[in-house]
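Single-letter residue listing:
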Amino acid sequence: MPERPSAAFALSPGAASAVLTPEAVAAFGEVCALAPRPLHDLVGPEALDVLRTTEVLITGWGCPPLAPAALDVAPRLKAVVHTAGSIRGIMTEAAWERGIEITSAAAANAHPVAEYTVAMILLTGKRVLETARDYRTARSAVDWTRVATHVGNYRRTVGILSASLIGRRVIELLRPYDLRLLLHDPYVTAEDAAALGVELVGLDELFARSTTVSVHTPLLPETRGLVNADLIGSMRPDAVLINTARGAVVDQDALTQAAVAGRIRAVLDVTDPEVLPPEHPLWDCPAVTITPHLAGSQGNEWQRLTELAVSELRRWAAGDGFAHSVRRERSAFLA
């Protein structure tokens, strides 16, 4: 039986207490020889002592970047198993140059984000959030015969911006519903769109035709402010913009203007900045629902992340490589 690789956890204290349950630690310990305590930095005396023998870092939210100073004292480090989604804050040019392999739990984290998105698509299509608020205020019967004919989810047109991991999962979860699905993604071919069961359209058409637009594009230099004033202005009256990607993908000033005017509605799990200033008009806008970046894994959903990470570590330790390896050439396109 091959010797277990030496490994250490590296993540913030909050993430460690949330994600590293006794069950998760035990599962990792079956595959590797763990350092006794999680590292919260990579340059302190304890970290330097641990990193000298570490072959695998098991990372999570709040892990410091693999800067040259940390790499210099970690000559045996070969791989990173990330228990969260984005690796942007961890992998550096020095780490890529060193040839360190990395895997991410992004595929597992896509599930709750997609579930949140689908829930919000259906709730906003039926105006559940707004009606519940009004009902609580009025505390009287609602005349359902006076509900506008555009309210509801029958043949509603939903536009998906980007066939990312999450975007594709949203499309998959929406298939059983009586919805028209549009997709804009410049990297998706007509054949790919047909396989997904969506209509591939241009960016302008996506916003002009959709009654709900769900944003799933990563934040890149070319996607910052991608959802601009013109696109927001082209949205149909009472259309809904859902953003679970990154706040800066959307022109927030243009969105605020349209929402405060009551022309469109929005569900924002991300904003720019996070958190919005207390005086920001979106807080008091009845057309907008803001949640505190909770669409991703929380509570018992963290178990899905650690289970995938343990599976990846087991594959790597057995010499089979990662199933969810992140390639350097693709890292720039990931959230």
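Residues numbered from 1 in each chain as written. Predicted model: local features only at pLDDT ≥ 70, side-chain atom pairs only at ≥ 80, totals over all residues. Heavy atoms only, no water.

Caption draft 1: Inspection of the pattern of salt bridges at higher detail. A full pass over the atoms with the stated rule returns 13 salt bridges. Its salt-bridge partner being arginine 37, residue glutamate 46 comes within 3.2 Å of it at the nearest N-O pair. In this structure, arginine 52 engages aspartate 49 in a salt bridge whose closest nitrogen and oxygen atoms are separated by 3.7 Å. Exposure remark for arginine 52: the relative accessible area of 47% places this residue in the partly exposed category. Here the salt bridges share partners, and the residues they tie into one network are Arg127, Glu130, Asp238 and Arg265. (Salt bridge = Lys/Arg side-chain N within 4 Å of Asp/Glu carboxyl O. Buried < 20%, exposed > 50% of the residue type's maximum accessible area, 1.4 Å probe, protein only.)

Caption draft 2: The arrangement of the environment of arginine 265 in detail. Looking at the secondary structure, you find arginine 265 in strand 11 (residues 265-268). Taking the C-alpha atoms as reference, arginine 265 lies 5.7 Å from valine 288; in sequence the two are 23 residues apart. Leaving out residues up to four positions away in the same chain, arginine 265 has contacts with Thr124, Arg127, Glu130, Arg156, Asp238, Ala239, Val240, Leu241 and Ala287. Here the side chain of arginine 265 touches aspartate 238 through a polar contact of 3.1 Å, side chain to side chain. (Helix = DSSP H or I, 4+ residues; strand = E, 2+ residues; numbered from the N terminus. Contact = heavy atoms within 4.5 Å. Polar contact = N/O pair within 3.5 Å; in protein donor to acceptor, adjacent residues only side chain to side chain.)

Caption draft 3: Geometry of the pairing of strand 11. Alternating positions in strand 11 separate into two faces, Arg265 and Val267 on one and Ala266 and Leu268 on the other, with burial throughout. In terms of handedness, the path from strand 10 (residues 240-243) via helix 12 (residues 252-260) over to strand 11 forms a crossover that is right-handed. Where strand 11 lies against strand 12 (residues 288-290), three bridges are found, and the strand directions are parallel. Bridged to alanine 266 within strand 12 is valine 288. (Right-handed = clockwise from strand over helix to strand, strands pointing away. Pairing = 2+ DSSP bridges.)

Caption draft 4: Structural context of the packing of helix 2 (residues 22-31) against helix 13 (residues 302-317). Contact geometry for helix 2 and helix 13: axes closest at 9 Å, N-to-C directions at 5°. In terms of orientation, helix 2 lies roughly parallel with respect to helix 13. Between helix 2, through Ala24, Ala27, Phe28, Glu30 and Val31, and helix 13, the contact on the second element is made entirely by Thr306, Ala309, Val310, Leu313, Arg314 and Ala317. Per-class residue counts for the contact of helix 2 with helix 13 are eight nonpolar, one polar and two charged. (Axes fitted to C-alpha atoms, helices over the stretch in contact; angles between N-to-C directions. Parallel < 35°, antiparallel > 145°, perpendicular 65-115°, else oblique. Nonpolar A, V, L, I, M, F, W, Y, C, P; charged D, E, K, R; others polar.)

Caption draft 5: Expanded view of the UniProt feature "domain: D-isomer specific 2-hydroxyacid dehydrogenase NAD-binding" (unreviewed entry) in the protein chain. According to UniProt, the feature "domain: D-isomer specific 2-hydroxyacid dehydrogenase NAD-binding" (unreviewed entry) maps to residues 119-295 in the numbering used here. For residues 119-295, the end-to-end C-alpha separation is 11 Å, with 32% helix and 16% strand making up the annotated structure. (UniProt positions renumbered as here; feature names shortened; annotations may be inferred.)

Caption draft 6: Inspection of the pairing of strand 3 (residues 56-59) at higher detail. The two faces of strand 3 match: Val56 and Ile58 on one face and Leu57 and Thr59 on the other face are all buried. Bridging between strand 1 (residues 6-10) and strand 3 involves four bridges; their strand directions are parallel. Of the residues in strand 3, the one forming a bridge with alanine 10 is threonine 59.

Caption draft 7: View of unusual backbone geometry. Note the cis peptide between aspartate 272 and proline 273, where omega equals 5°. Residue position: proline 273 is located in the loop between strand 11 and strand 12. Although it is not a glycine, serine 162 adopts a positive phi angle of roughly 95°. Structurally, the position occupied by serine 162 is in the loop between strand 6 (156-161) and helix 8 (165-174).

Caption draft 8: Representation of empty space enclosed by the protein. The full count for this structure, using the stated rule, is one cavity of 30 Å³ or more. Roughly 30 Å³ of internal volume is contained in the largest cavity. Considering the residues around the largest cavity, the lining is formed by Asn243, Gly247, Val250, Gln252, Leu255, Leu268, Val270 and Thr271. Per-class residue counts for the lining of the largest cavity are four nonpolar, four polar and no charged. (1 Å grid on protein atoms, 1.4 Å probe; cavity = no way out; pocket = protein on both sides within 12 Å on 5 of 7 lines; lining within 4 Å. Points joined across faces, edges and corners; volume = space filled by probe spheres on them.)

Caption draft 9: Spatial organisation of the layout of surface pockets. The calculated volume of the second largest pocket comes to roughly 370 Å³. The wall of the second largest pocket is formed by 18 residues, among which Lys126, Arg127, Thr131, Val142 and Val147 lie closest to the centre. When its residues are assigned to classes, the lining of the second largest pocket shows eight nonpolar, four polar and six charged.

Caption draft 10: A look at the nonpolar core. Phe207, Val227, Ile232, Leu241 and Leu255 are the most contacted members of the largest nonpolar core, which has 31 residues in total. Put simply, the parts of the chain that give this core at least two residues each are helix 10 (203-209), strand 9 (212-215), helix 11 (229-234), helix 12 and strand 11. Looking at which element gives the most residues to this core, the answer is helix 12, with four residues. If we ignore the near neighbours within four places in the chain, the residues touching leucine 255 are Ile232, Leu241, Val250, Ile264, Ala266 and Leu268. (Core = buried A, V, L, I, M, F, W, Y, C linked by side-chain atoms within 4.5 Å.)

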